[in-house]
Amino acid sequence: MTITEVGSARRRKEDARLITGRTTWTENVTLPGMLHLAILRSPMAHARITSIDVSPALETKGVVAAFSGRDVADVQGALPCAWPVTADMVHPDRPPIAVDEVKFMGEAVAVVAARSRAAALDAIAAIEVDYEPLPAVLDMEAAIADGADLVHADKGTNKGYTWVFDSAEAGTGGDAAAALDGAEVVIKRRYVQQRLIPAFMEPRSVVVDPTGDAYSIWSATQIPHILRFLISVVTGTPEHKVRVIAPDVGGGFGGKLQVTPEELIAFVAAKRLGRPVKYTESRSESLVSAHHGRDVIQDLELAARRDGTVTGLRVKLLANMGAYMGLVGPGVPILGAFMYNAIYKFPAYRFECSGIFTNTTITDAYRGAGRPEATYAIERLMDELAAELGLDPMDVRRRNWIKAEEFPFTTVCGLQYDSGDYDKATDRAMELLGYDELRAEQQRRREAQDPVQLGIGISTYTEMCGLAPSRVLGSLRYGAGGWETASVRMLPTGKVEVVTGTSPHGQGHETAWSQIVADQLGVAFDDVEVLHGDTRTSYKGLDTYGSRSLAVGGIALYNACQKVLDKAKPIAAHMLECDPADLEFTGGQFRVRGNPDGGKSMADCALAVFAAHDLPDGIEPTLDADAVYDPVNFSFPHGTHLCATEVDTETGRVTIRKYVAVDDIGKVINPLIVEGQVHGGIAQGVAQALFEEAVYDADGNLMTGTLVDYTLPTAADLPSFVTDRTESPAPDHPLGTKGVGEAGTIASTPAVVNAIVDALRPMGVNDIAMPCTPERVWRAVQGGAA
Amino acid sequence: MTRVSMKVDGVEYEDDVEPRTLLVHHLREQLGKVGTVVGCDTSNCGACTVLMSDPEGRQQGVKSCSVLAVQADGREITTIEGLSGPDRTLHPVQRAFHEAHGLQCGFCTPGMIMAAVDLLQENADPTEDEIREGLEGNLCRCTGYQNIVRAVQEASAEIRQGAQAEPAPPSPRAGEAQTPDDGLPREHVPDETIPQPVP
């Protein structure tokens with residue numbers, strides 16, 4: 001095998017259709033006789049539906065059908081939760097269309113099917129609904145106080161679950177309570193991870209085409225395979241009668257890792273009407289009804305010695321689930337549970353998380369899912385510890401982190417970190433930032449009492465990628481495995497079709513997967529076609545989330561290629577009239593070892609099996625191969641992000657002056673794609689630090705219900721980032737890759753907030769709630785100075 | 001219904017539209033120009049950006065969700081689908097987005113490319129800050145904008161180089177840069193013209 005493609009910055013195959021407007025988004029799918037759906041949504045956070053009359057909608061021009069939740073109560077099923085994190089988790093049934101009671105603003109209450117979208121939208125305005133308001137439960141702490149109003153009266157509690165990990169109980173470490181009791185220093189803080197909205201650019205869209213007893217479903221989803229399985233389970237439709245197609249999907253960030261009410265509504269409507277239907281949400285609907293992310297209150301206690309050595313950590317979380325349990329929502333904080341110890345050798349750790357119901361949109365996976373929250377908490381705490389002790393924040397980290405020679409390292413959570421070199425990445429980042437020079441400048445500005453202060457924020461992070469070893473998922477009560485699949489088909493002309501169970505929505509799998517295959521099989525990059533996102537061609541897979549696609553699916557693909565080579569070898573040997581044991585595969589040719597001439601390529605072998613005229617006895621005439629890979633471990637990328645901010649103490653304005661990211665994500669298939677993932681990831685983390693927050697008013701109305709109010713960063717709001725990499729290959733598999741999709745988001749939020757706090761610490765500021773808007777920064781300065 | 005005629009990507013169309021129809025919906029649903037997409041309902045995201053001629057015939061970037069189809073009557077429109085040459089050679093901005101990895105999921109890309117074309121028509125050699133300010137009306141959630149900025153810089157260089165080599169730049173508009181003031185809403189359109197679900 002000759003490596004020429006892997007590691008090269010191939011331009012993406014996906015681009016040609018995207019830059020010319022010639023791609024298929026679900027919203028572009030138009031079928032003969034198709035009806036358009038519009039959904040009437042609850043204007044109230046919590047209310048009883050005392051009456052609902054859809055008949056006026058039916059009198060509207062162009063309307064074919066209208067129905068309420070009550071009308072379809074017996075057939076609409078309930079939305080699934082695949083991650084009941086405890087045996088006694090409270091999991092109220094969530095109907096796709098509310099029946100009798102609405103539990104959050106934006107919940108569907110009625111549906112219209114009409115010949116055009118405009119007609120459907122006109123018609124939902126005619127539906128008459130009377131609501132009797134009920135008390136809205138919004139504050140998590142109030143929700144679990146005695147006598148609290150309830151989101152689900154029949155459940156008797158707003159607490160969905162409490163999940164605990166204690167290193168003493170697990171036998172993986174010491175007793176955190178004892179460490180805190182006897183600590184020389186305790187840092188106690190509360191941090192709030194504000195509610196965020198994934199805000200993928202393509203609004204969700206679904207088309208359902210009922211044909212006979214079968215259903216074809218196009219959906220803007222990250223998870224076509226999981227969707228197929230769960231649509232089948234939830235609706236009682238035989239799985240082989242359900243085909244799900246995720247065509248090009250316009251971003252996800254976890255936000256499309258969901259089985260949605262809208263998908264089930266479209267399914268129910270199509271089944272009821274016997275005609276294809278399409279539903280595409282407006283952006284305003286998306287912001288209020290697609291799942292949100294984060295929304296966690298973190299109570300943290302860090303025990304340390306006066307030299308900066310951490311001796312224990314206790315974490316207590318309240319995680320806002322929203323009104324119901326999402327597909328993997330309860331498990332999101334649990335994914336973070338294993339990351340609070342981060343890159344450090346903490347000897348004792350306790351984590352406790354309660355999932356709380358409120359009358360808000362559900363929360364679920366958003367880029368990083370649990371790990372950004374954990375990383376934020378610990379990286380903020382390390383700065384606070386350093387400040388408390390008067391030590392340099394980088395020195396405190398170095399004192400505690402795992403050294404390169406200590407890998408593989410078993411953490412206080414029992415995870416085995418695979419590889420890494422935190423010193424190397426950090427040294428490189430400090431060099432790129434000009435850390436020492438900026439510290440000197442910071443000192444000058446402080447002494448001069450410059451109204452614009454300089455801060456340097458540090459974030460040294462790791463994360464767990466490559467979700468996930470199936471056994472581990474089972475032990476965490478997750479409803480599925482963590483394997484991934486790939487098929488390689490050799491076509492007679494020597495071209496290759498690859499079928500992957502991953503489901504890209506911007507990650508460039510068609511390009512990266514082609515690079516892997518090109519090297520392994522010695523074929524041209526352009527001779528590989530990667531098929532995905534249609535359960536008819538790719539019947540098996542677990543889709544794309546959690547930085548798993550390459551770390552798991554890439555290995556499945558590698559293994560499938562090896563099987564193809566194994567099948568081709570005896571055929572090549574037969575053609576070359578030699579013993580297979582004498583062959584080597586190099587430069588795309590099977591050659592007799594030591595003889596550079598007269599080899600046979602994969603194309604030769606493919607043609608030979610196609611003709612099948614002259615094959616060795618007993619050989620099946622095919623080179624095609626499938627592989628399923630179940631990872632033996634997570635992979636653990638890491639890195640150091642440094643952020644220098646200028647903070648105007650008179651206006652509260654924060655300007656990122658320089659941002660440096662040095663990431664170690666193991667081996668890299670395509671550095672261009674990796675760079676893009678890092679940029680985008682950082683942007684989303686910076687957005688949490690500075691710009692974004694989903695805000696509810698006291699009645700449970702989402703106040704940030706449009707892109708006017710939910711402020712995604714624009715090009716003018718962000719700087720260019722300086723990026724570099726170190727490379728500690730993943731030791732557990734042949735590609736050595738780790739995963740990059742979430743790294744930037746995990747690392748950047750604490751880097752930015754640490755920088756702001758660092759700038760203002762001499763003024764007595766030790767925290768600012770996110771997002772750090774100019775108003776909040778200014779208030780902190782005023783409060784700190786007072 | 002109102003009869004409108006417009007030239008879109010070089011082809012003349014004449015259709016009856018409801019007066020409330022937005023240009024983007026007319027393009028997508030009546031003319032089949034689904035390359036232009038809708039990303040929001042408040043004209044913030046810019047995914048629907050196209051070029052539309054003003055009364056003097058100069059093509060300007062507009063958010064086609066903020067223009068009624070009837071307002072486009074008699075105008076010439078270029079969408080992402082009409083940006084490449086007749087032999088399907090890519091426009092320098094398209095090529096640069098590919099080369100600089102200026103897109104990931106690609107949903108904002110049609111609007112982003114059209115906005116970039118518009119920007120470069122008004123400012124052939126923008127600084128990084130000018131590019132960032134110039135694309136402020138277009139949201140991207142994937143790229144962090146860095147490679148988009150790089151793509152616009154590369155396209156700018158290529159177009160300027162091309163202009164030196166031959167006098168006619170490969171641009172859909174050959175007019176001088178001016179602030180458009182033709183009465184068309186560019187940033188805001190009253191709520192009642194945007195079909196929205198109740199509440």
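About the thresholds
- Residues numbered from 1 in each chain as written.
- Chains lettered and ligands numbered in written order.
- Predicted model: local features only at pLDDT ≥ 70, side-chain atom pairs only at ≥ 80, totals over all residues.
- Helix = DSSP H or I, 4+ residues; strand = E, 2+ residues; numbered from the N terminus.
- Buried ≥ 20, exposed ≤ 12 C-beta atoms within 10 Å, placed from the backbone.
- Rg over C-alpha atoms; globule rule 2.2 N^0.38 Å.
- Contact = placed C-beta atoms within 7 Å.
- Core = buried A, V, L, I, M, F, W, Y, C linked by C-beta atoms within 7 Å.
- UniProt positions renumbered as here; feature names shortened; annotations may be inferred.
- Pairing = 2+ DSSP bridges.
- Axes fitted to C-alpha atoms, helices over the stretch in contact; angles between N-to-C directions.
- Nonpolar A, V, L, I, M, F, W, Y, C, P; charged D, E, K, R; others polar.
- Domains from an automatic or database assignment.
- Expected span 1.5 Å × (residues − 1).

1. Here's the deal with the overall build of chain B
- Broken down by element type, chain B carries five helices and five strands.
- The order of helices and strands in chain B, counted from the N terminus, is β-β-α-β-β-β-α-α-α-α.
- Split into buried and exposed, the 199 residues of chain B put 55% on the buried side.

2. Thoughts on the overall build of chain A
- The number of helices and strands found in chain A is 21 helices and 28 strands.
- Relative to the 2.2 N^0.38 estimate, which gives 28 Å for 786 residues, the radius of gyration of chain A is 28 Å and therefore close to what a compact globule would have.
- A principal-axis box enclosing the C-alpha atoms of chain A has dimensions of 90 × 70 × 50 Å.
- For chain A, the proportion of contacts with a sequence separation of at least 24, taken over those separated by at least 6, is 80%.

3. Thoughts on the nonpolar core
Residues and elements named next belong to chain A.
- Counting residues in each nonpolar core, the largest one holds 309 residues, and the members touching the most others are L37, V111, V112, V517 and I756.
- Of the residues forming this core, the biggest block, 14 residues, is contributed by helix α17 (residues 549-576).
- Not counting residues within four places of it along the chain, the set of residues in contact with V111 comprises L37, I39, A66, F67, I97, I265 and A269.

4. As for helix α2 (residues 92-99) of chain B
Residue and element names in this part refer to chain B.
- Within the span of α2, buried status applies to P92, V93, Q94, A96 and F97.
- Tucked inside the fold, the buried residues of α2 contact α3 (109-122) and α5 (146-165).
- Remark: H101 follows α2 within two positions and exhibits a positive phi of approximately 55 degrees.

5. Quick word on the UniProt feature "domain: [2Fe-2S]-binding" (unreviewed entry) in chain B
- UniProt annotation of "domain: [2Fe-2S]-binding" (unreviewed entry) refers to residues 79-153 of chain B when read in the numbering used here.
- A distance of 21 Å separates the end C-alpha atoms of residues 79-153 of chain B, which is 49% helix and 0% strand.

6. Section: the UniProt feature "domain: Aldehyde oxidase/xanthine dehydrogenase a/b hammerhead" (unreviewed entry) in chain A
- In the UniProt entry, the feature "domain: Aldehyde oxidase/xanthine dehydrogenase a/b hammerhead" (unreviewed entry) is given for residues 20-135 of chain A.
- Split by type, residues 20-135 of chain A is 10% helix and 30% strand. Its first and last C-alpha atoms lie 51 Å apart.

7. Focus on the pairing of strand β4 (residues 59-63) of chain B
Residues and elements named next belong to chain B.
- With five of five residues buried, β4 lies mostly within the body of the structure.
- In this structure, strand β3 (residues 49-53) lies alongside β4, joined through five bridges in antiparallel fashion. If you follow L51 over to β4, its bridge partner there is G61.
- Connecting β3 to the next strand, β4, in antiparallel fashion are five residues, including G57 with a positive phi near 90 degrees.

8. Considerations on the sheet that holds strand β26 (residues 638-648) of chain A
All names here are of chain A.
- Pairing is mixed in the open sheet, where four strands are placed in the order β18-β26-β27-β28. A strand with exactly one partner marks an edge of an open sheet, and here the two such strands are β18 (452-462) and β28 (722-726). Each neighbouring strand pair of the sheet contributes to a mean axis angle of 15 degrees, computed without reference to strand direction.
- Where strand β27 (residues 654-664) and β28 come together, five bridges link them in parallel fashion.

9. Quick look at the interface of chain B and chain A
- Each partner contributes residues to the interface: chain B has 49 residues there, and chain A has 52 residues.
- Mapped onto the side of chain B that touches chain A, the elements with two or more residues apiece are α2, α3, α4 (128-134) and α5 of chain B.
- Considered class by class, the residues forming the side of chain B that touches chain A number 24 nonpolar, 18 polar and seven charged.

10. Examining the domain arrangement of chain A
Residue and element names in this part refer to chain A.
- As far as domains go, chain A holds domain 1 (31-134 + 202-250 + 256-289), domain 2 (293-467 + 633-785) and domain 3 (483-629).
- Between domain 1 and domain 2, the C-alpha centre-to-centre distance is 37 Å.
- Opposite the 24 residues of domain 1 that make contact, domain 2 presents 23 residues.
- Classifying every residue of the side of domain 1 that touches domain 2 by side-chain character gives 15 nonpolar, six polar and three charged.

11. Section: the environment of T704 of chain A
- Its location among the elements puts T704 of chain A in the loop between α19 (671-690) and β28.
- Setting aside its immediate chain neighbours within four residues, T704 of chain A contacts E693, A694, V695, D709 and Y710 of chain A.

12. Some words on the domain arrangement of chain B
All names here are of chain B.
- Taken as a whole, chain B is organised into domain 1 (2-82) and domain 2 (92-165).
- On a C-alpha basis, the centres of domain 1 and domain 2 stand 21 Å from each other.
- On the side of domain 2, 12 residues touch domain 1, which itself brings 15 residues to the contact.
- Elements with a contribution of two residues or more to the side of domain 1 that touches domain 2: β3 and β4.
- Looking at which element gives the most residues to the side of domain 1 that touches domain 2, the answer is β3, with three residues.
- Broken down by class, the residue content of the side of domain 1 that touches domain 2 amounts to seven nonpolar, eight polar and no charged.

13. Brief notes about helix α11 (residues 371-389) of chain A
All names here are of chain A.
- In a regular helix each residue adds 1.5 Å, so 19 residues correspond to 27 Å; α11 covers 27 Å between its end C-alpha atoms and thus fits that length.
- Most of α11 sits inside the fold, with 16 of its 19 residues counted as buried.
- Downstream of α11 by one or two residues, G390 has phi in the positive range, about 70 degrees.

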